[in-house]
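Listed below, chain by chain, are the residues.
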Amino acid sequence: MSGAPDHLPAAVPSSPGEVLALLRTGAAETRADIARLTGLARSTVSQRVDALIAHGFLAEEADGGSTGGRPPRRLRLRTREHAVAGVDLGASHCRVALMDIGGETLALREDPLSIADGPQAVLGHVERTLRALLEESGRDAGGLQSIGVGVPGPVEFSTGRPVDPPIMPGWHQFPIPEFFADRFGARALVDNDVNVMALAEQRRAFPDTRYLLYIKVGTGIGCGIVADSRLHRGAQGSAGDIGHIRVGDTEDPCRCGNTGCLEAVAGGAALARRLSALGLEATSGSDVVRLVKSGNRDAVRMVREAGRSVGEVLAGLVNFFNPDTVVVGGALAAVHDQLLAGVREAVYRRSHPLATHVLRIEPSRTGENAAAIGAGILAVEHALSPRQVDRVLSGAIR
């Protein structure tokens, strides 16, 4: 998994956590590399490295190249000994991924689950699922380093608490991080699901991209923003809430109380309602996808029109933000040929030529597991951040 640039120290690295960051990102491979890059004395480098080895973060092997004499010993990250979890809570599903800190998925489980059942029922299910995955993988719950959670609503990232989430009754200000800390003794990081999807796409599918927009078109519509390879959440964590930008002159009612919102015009639930009014069997975005795949002309037309509406909003974002990659995911992305045709048509028509000169608009490559994997990556990057590694080595709780 590609390392996160935000964990590279800006100043000369000196702490064990900062030394680990050099090794993790490939800047250093041996003790001599560390000494050369940091200017630290060899004895200090040995103290840092020995502490990281003692706490199970590093292994040292005699396989480095040599120009004579004893070959240098190469340092590598011990990945499989440390586990994290990524949790994707959708409107009607729960996915839990158990990963090592190298980013490899060890186990993954998906279950139908309604977010409207409330936090105690939903998080209780997550706890049971995670314990089962740990047991199946032969791992102790006490060895879980951190947990990432993606939820389908606004989140104040600094506290990990949902804030007035429209489709999550009973979740407002619920202390999700504390729930997991009490049961696993691990830090939980909670974010909006589209943010962790954006993280998964940038880290896994488009690692060469520094400026990326991830557009989720499902029941609702949202946008995850990666700027200079970092997630951009805004001042309070609500950046990217494009589903409630007004489009056109429509008066379609939205669940937020306004009319003409993008979500009310182009979201999966809105399309399903229009198809149902035509006498077709459709209650969700999944039904819209089914009808498109079966060749239903009304469904195909509506999805392409929805793509144009999304593209109208996206054109403004492209002009403002100037990304090099736009990724379209969510339930409706399963029929991306029709959806992206409308998106591209509007974006390239309404955006400035310089903003679209190298722009690529692509369907999601991480698919339905994007949020679970992205939440796991969020957990990995926390567990391996210099500050967190130093806390572990100092004996502080995870």
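A quick note: this is a predicted structure, and the numbers were derived from the prediction, not measured. (Residues numbered from 1 in each chain as written. Predicted model: local features only at pLDDT ≥ 70, side-chain atom pairs only at ≥ 80, totals over all residues. Heavy atoms only, no water.)

Asker: Can you walk me through the nonpolar core in this structure?
Answerer: Generally speaking, nonpolar side chains in soluble globular proteins are found buried as a group. Counting 44 residues, the largest nonpolar core has Ile34, Leu52 and Phe57 as the members making the most contacts within it. Taken together, the elements giving at least two residues each to this core come down to helix H1 (16–24), helix H3 (42–54), strand E4 (93–100), helix H6 (193–205), strand E10 (211–217), helix H12 (370–383) and helix H13 (386–393). Top element by residues in this core is H12. It accounts for 10 residues. Each residue touching leucine 52, except ones within four places of it in the same chain, is listed here: Pro16, Val19, Leu20, Phe57, Leu58, Val389 and Leu393. (Core = buried A, V, L, I, M, F, W, Y, C linked by side-chain atoms within 4.5 Å. Buried < 20%, exposed > 50% of the residue type's maximum accessible area, 1.4 Å probe, protein only. Helix = DSSP H or I, 4+ residues; strand = E, 2+ residues; numbered from the N terminus. Contact = heavy atoms within 4.5 Å.)

Asker: Just checking my understanding: could you explain the UniProt feature "domain: HTH iclR-type" (unreviewed entry) in the protein for this structure?
Answerer: In the numbering used here, UniProt assigns the feature "domain: HTH iclR-type" (unreviewed entry) to residues 18–60. As a span, residues 18–60 carries 65% helix and 7% strand, and end to end its C-alpha atoms are 18 Å apart. (UniProt positions renumbered as here; feature names shortened; annotations may be inferred.)

Asker: Explain H13 here, please?
Answerer: In an α-helix there are 3.6 residues to a turn, and that puts residues three or four apart on one side. Residues Pro386, Gln388, Val389, Val392 and Leu393 constitute the buried set of H13. With its buried residues spanning 165° around the axis, H13 presents them on a single face. Trailing H13 by a residue or two, glycine 395 shows a phi angle of about 95°, which is positive. (Arc of directions from axis to C-beta.)

Asker: Would you explain helix H4 (residues 119–136) in this entry?
Answerer: The end-to-end C-alpha distance of H4, which contains 18 residues, comes to 25 Å, matching closely the 26 Å that a straight helix rising 1.5 Å per residue would cover. The inward-facing, buried residues of H4 abut strand E3 (83–89), E4, strand E5 (105–112), strand E6 (144–151) and helix H5 (176–184). Looking one or two places after H4, you find glycine 138, whose phi comes out positive at around 70°. (Expected span 1.5 Å × (residues − 1).)

Asker: What should I look at first to understand the pattern of salt bridges in this one?
Answerer: Any two side chains of opposite charge can pair, given that their charged atoms come close. Tallying each qualifying case throughout the model produces 32 salt bridges. Put simply, arginine 36 and aspartate 33 hold a salt bridge, and the shortest N to O gap is 3.4 Å. Of this pair, arginine 36 and aspartate 33 both sit in helix H2 (residues 31–38), 3 residues apart, which is roughly one turn of that helix. For aspartate 33, a relative accessible area of 18% corresponds to the buried category. (Salt bridge = Lys/Arg side-chain N within 4 Å of Asp/Glu carboxyl O.)

Asker: How should I be thinking about the sheet that holds strand E12 (residues 230–231) in this particular structure?
Answerer: Hydrogen bonds between backbone atoms are what pair the strands of a sheet, whose relative direction is either parallel or antiparallel. If you walk across this open sheet you meet the 5 strands as E12-E11-E10-E13-E14, and the pairing is mixed. Edge strands, defined here as strands with exactly one partner in the open sheet, are E12 and strand E14 (360–363). Taken together, the 2 bridges between strand E11 (residues 221–227) and E12 define a ladder with antiparallel strand orientation. Bridge pairing links alanine 227 to arginine 230 in E12. The strands touched by H6 are E10, E11, E12 and strand E13 (325–329); relative to E11, the strand with the most contacts, the crossing angle is about 45°. Of the strands in this sheet, E10, E11 and E13 touch helix H10 (residues 297–321), which is tilted by about 165° from E10. (Pairing = 2+ DSSP bridges. Axes fitted to C-alpha atoms, helices over the stretch in contact; angles between N-to-C directions.)

Asker: How should I be thinking about the packing of H4 against H5 in this particular structure?
Answerer: Two measures define how a pair of helices packs: the angle their axes make with one another and the distance between the axes. The geometry of H4 relative to H5 is characterised by a closest axis approach of 11 Å and an angle of 40° between their N-to-C directions. Taken together, the axes of H4 and H5 are oblique relative to one another. You can see that H4 and H5 cross each other, and the crossing is right-handed. Where H4 abuts H5, its residues Gln120, Leu123, Gly124, Val126, Glu127, Leu130, Arg131 and Leu134 lie against Ile176, Phe179, Phe180, Arg183 and Phe184. Of the residues belonging to the contact of H4 with H5, the class tally is 8 nonpolar, 2 polar and 3 charged. (Parallel < 35°, antiparallel > 145°, perpendicular 65-115°, else oblique. Left-handed = near helix turned anticlockwise from the far one by under 90°. Nonpolar A, V, L, I, M, F, W, Y, C, P; charged D, E, K, R; others polar.)

Asker: How should the pairing of E5 be read in this particular structure?
Answerer: Side chains on a regular strand alternate between the two faces of the sheet. Both E4 and E5 contribute to a ladder of 7 bridges, which runs antiparallel. In the strand pairing of E5, arginine 95 is matched with glutamate 110. Remark: 4 residues form the turn of the hairpin made by E4 and E5, two consecutive strands paired antiparallel; glycine 103 in that turn has positive phi of roughly 95°.

Asker: Looking at this model, I keep getting lost on the environment of arginine 139. Mind explaining?
Answerer: Mapped onto the fold, arginine 139 is located in the loop between H4 and E6. The spacing of arginine 139 and valine 19 is 120 residues in sequence and 27 Å in space, taken between C-alpha atoms. When sequence neighbours within four positions are dropped, the list of residues in contact with arginine 139 reads Arg80, Glu81, His82, Ala83, Leu98, Leu106 and Leu134. A polar contact of 2.5 Å, which involves the side chain of arginine 139, links it to the backbone oxygen of arginine 80. (Polar contact = N/O pair within 3.5 Å; in protein donor to acceptor, adjacent residues only side chain to side chain.)

Asker: Quick question: what am I supposed to make of unusual backbone geometry here?
Answerer: Backbone phi values are negative for most residues with the exception of glycine, while trans is the configuration of most peptide bonds. One non-glycine residue, aspartate 228, adopts positive backbone phi at about 55°. Relative to the assigned elements, aspartate 228 resides in the loop between E11 and E12. Here aspartate 228 falls in the partly exposed class, since its relative accessible area comes to 34%. Positioned with a positive phi, asparagine 322 is a non-glycine residue whose angle comes to about 55°. Locating asparagine 322 in the fold gives a position in the loop between H10 and E13.

Asker: Explain the packing of aromatic side chains to me, please; I cannot follow it from the model alone.
Answerer: By convention here, two paired aromatic rings are described through the distance between centres and the angle between planes. With the rule as written, the count across this model stands at 4 aromatic pairs. Seen from their ring centres, tryptophan 171 and phenylalanine 174 are 6.3 Å apart, and the 65° between their planes marks the pair as edge-to-face. For the pair tryptophan 171 and phenylalanine 174, one class covers both residues: buried. With centroids separated by 5.3 Å and ring planes inclined at 80°, the aromatic side chains of phenylalanine 179 and phenylalanine 180 adopt a geometry described as edge-to-face. (Phe/Tyr/Trp six-rings, centres within 6.5 Å; stacked < 30°, edge-to-face > 60°.)

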